[in-house]
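For reference, the chains in residue letters:
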Amino acid sequence: MNERPKGQSLVGLVTTDFSSITRGRFVTAARLEKTSQTGVGWVNANISLGPFNAIVGESPWGSSGDLRLIPDMAARYTTHLTGRATPFDVVMSDITTLEGEAWSCCSRTMLREAVADFTRETGLTVTGAFEHEFHLDAPDLPPAHSFGLSALRRTEPFATNLVQALEEAGIEPEVIIAEYGEDQFELANGPADALTAADRAVALREITREMAEALGWKASFAPKVSPDGVGNGVHIHFSFTAPDGGAAAYDADAPGRLSKVAGAFCAGILRHMRALTALTAPSVPSYYRLQPHHWSAAWTWLGDKDREASLRICPTVTIGGKDPGRQFNVEYRAADACANPYLAFAAIIRAGLEGIRAGLPTPPLFTGDPELLTPREREALGLYRLPQTLPEALEALEEDKTVCGWFAPEFLATYLGLKRDEVAKFAATDPKEICETWARVI
Ligand code: GLU
Ligand code: MG
């Protein structure tokens, strides 16, 4: 690697599609600067590529048309530590027209615009972090205990190398955990502005997969690698910062410690959550995970430090006089890695902004088991069951005209076409095979 002429290793100009697959084109590091303004070519119909690499039948895009992938030079993720012979080096890119206009199906642009609208209307910025769970398929690993010391140690030097690689790439890994599930792990990283948080999610998944692959292992972020196993969630954390740096989601004296604006934001999310799941839990196996008593998310539910809630107010510590406001955040738990992280976060922000515009009050906080309540009691608490299948979620999306109104018609046509294709493809497949198929892809 060190003998290669300087600047001749490859940099990927990448974009994330609606199945959460990272795709792109490569230039040498020496040419990157030259391509930074006009980017590299891209093809409209690529956005209708399904996760199994065929353009789906129901697509508004045909053989004609061209686009550009424009690298965001502030969003380059590089590490030399994945175990591959050349560095992992990617620049997150926006899809534009040949004239440089934003393209209606560019998810990175959707997130940037959602954040800009939020900031224009509230004066606040959105901070976020994506927390990931994944499974390692590594045949030579001995069995180990949940959260066990040896569960992590048996992977070495994988765990240490992974954290170092993420550190080198600027992803700020905070904790690595051997999780509850068999061969399941978790990575949590530090907060950043919303766009950076989503960029980091893309880079983190790719670096983790590449590193596992270099060892002959397989890392999978799929929502379920087996129907009865423990689910892999992606928990999307959010909070708001005021222009003076103050913690704007926090109010020590309010219910749930949610400021008025954060309460309204959460209310907006819950109001639209059934439709949001089509964007945040967007695959057939996503719904094997979103079940009651799985510590994932099954109801429209705001909870304080409750892992069954779909919106969980996260704990803060005051040890050593630490300021809780600076740590305070809420996590959206009804998401998994089949979701495009830009699209998922954009939809969460847009839903929250609807709540702020409507001046919605902070939703009731709940802890307990919604299934032990009567339907009337649940209704009073705003607890509604989330969709239980992908078709049900797609129906909820199409019925929610507010959510549909956030997007261009060609986006909705593209997205629904992809998802309906997936539903049809797997209609006769048993859940075990569905999980195994997705475990190979995500
Ligand atoms: N594995 C759970 C999920 O599917 C999350 C468990 C936890 O709270 O860490 O989201
Ligand atoms: Mg976890």
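Placed above this text is the structure.
These figures come from a predicted structure and were not determined experimentally.

Focus: the pattern of salt bridges
Next, step 1: For the structure on display, the rule yields 25 salt bridges.
Next, step 2: Two residues, Glu58 and Arg420, come together in a salt bridge whose shortest N-O distance is 2.7 Å. With a gap of 362 residues between them, Glu58 in the loop between β3 (40-42) and β4 (67-79) and Arg420 in helix α13 (residues 409-425) connect regions that are remote in the sequence.
Next, step 3: With a relative accessible area of 39%, Glu58 lands in the partly exposed category.
Next, step 4: For Glu331, the salt bridge identified is with Arg333, shortest N-O distance 2.5 Å.
Next, step 5: Judged by relative accessible area, Glu331 falls into the buried class, the value being 0%.
Next, step 6: Among the residues examined, Arg333 registers a relative accessible area of 3% and is labelled buried.
Next, step 7: Through salt bridges with shared partners, one network takes in Asp72, Asp94, Arg108, Arg112 and Asp199.

Some remarks on the side chain of Thr127
Next, step 1: As for its placement among the helices and strands, Thr127 is situated in strand β6 (residues 125-137).
Next, step 2: Using a relative accessible area of 18% as the deciding quantity, one classes Thr127 as buried.
Next, step 3: Within the local environment of Thr127, its side chain forms a polar contact with the side chain of Thr241, the two groups lying 3.2 Å apart.
Next, step 4: Setting aside its immediate chain neighbours within four residues, Thr127 contacts Pro191, Ala192, Asp193, His237, Phe238, Ser239, Thr241 and Phe345.

Thoughts on the environment of Gln37
Next, step 1: For Gln37, the position within the fold is in the loop between α1 (29-35) and β3.
Next, step 2: Assessed through its relative accessible area of 70%, Gln37 is described here as exposed.
Next, step 3: Along the sequence, Gln37 and Asp183 sit 146 residues apart, while their C-alpha atoms lie 44 Å from each other.

Structural notes on the nonpolar core
Inside soluble globular proteins, nonpolar side chains tend to come together where they are buried.
Next, step 1: Core analysis: the biggest nonpolar cluster contains 127 residues, and Phe238 and Tyr332 have the highest contact counts within it.
Next, step 2: Considering each element in turn, this core owes the most residues, eleven residues, to helix α5 (residues 194-214).
Next, step 3: Every residue in contact with Phe238, bar those within four places of it in the chain, is listed here: Thr127, Gly128, Phe265, Cys266, Ile269, Leu311, Asn329, Val330, Tyr332, Phe345 and Ile348.
Next, step 4: Of all hydrophobic cores here, the second largest spans six residues; its members include Trp299, Trp301, Phe366 and Leu383.

Some points on the site of ligand 1
Next, step 1: All residues adjacent to ligand 1 are Glu133, Glu179, Glu186, Gly231, Gly233, His235, Arg289, Trp295, Ser296, Arg307 and Arg333.
Next, step 2: In the model, a nitrogen atom of ligand 1 is placed 2.9 Å from a nitrogen or oxygen of the Gly231 main chain.
Next, step 3: In this structure, an oxygen atom belonging to ligand 1 sits 2.8 Å away from a side-chain N or O atom of Arg333.
Next, step 4: Each residue belonging to the shell around ligand 1 can be placed in one class, and the counts come to one nonpolar, four polar and six charged.

Conventions adopted
- Residues numbered from 1 in each chain as written.
- Chains lettered and ligands numbered in written order.
- Predicted model: local features only at pLDDT ≥ 70, side-chain atom pairs only at ≥ 80, totals over all residues.
- Heavy atoms only, no water.
- Salt bridge = Lys/Arg side-chain N within 4 Å of Asp/Glu carboxyl O.
- Helix = DSSP H or I, 4+ residues; strand = E, 2+ residues; numbered from the N terminus.
- Buried < 20%, exposed > 50% of the residue type's maximum accessible area, 1.4 Å probe, protein only.
- Polar contact = N/O pair within 3.5 Å; in protein donor to acceptor, adjacent residues only side chain to side chain.
- Contact = heavy atoms within 4.5 Å.
- Core = buried A, V, L, I, M, F, W, Y, C linked by side-chain atoms within 4.5 Å.
- Near = heavy atom within 4 Å.
- Nonpolar A, V, L, I, M, F, W, Y, C, P; charged D, E, K, R; others polar.

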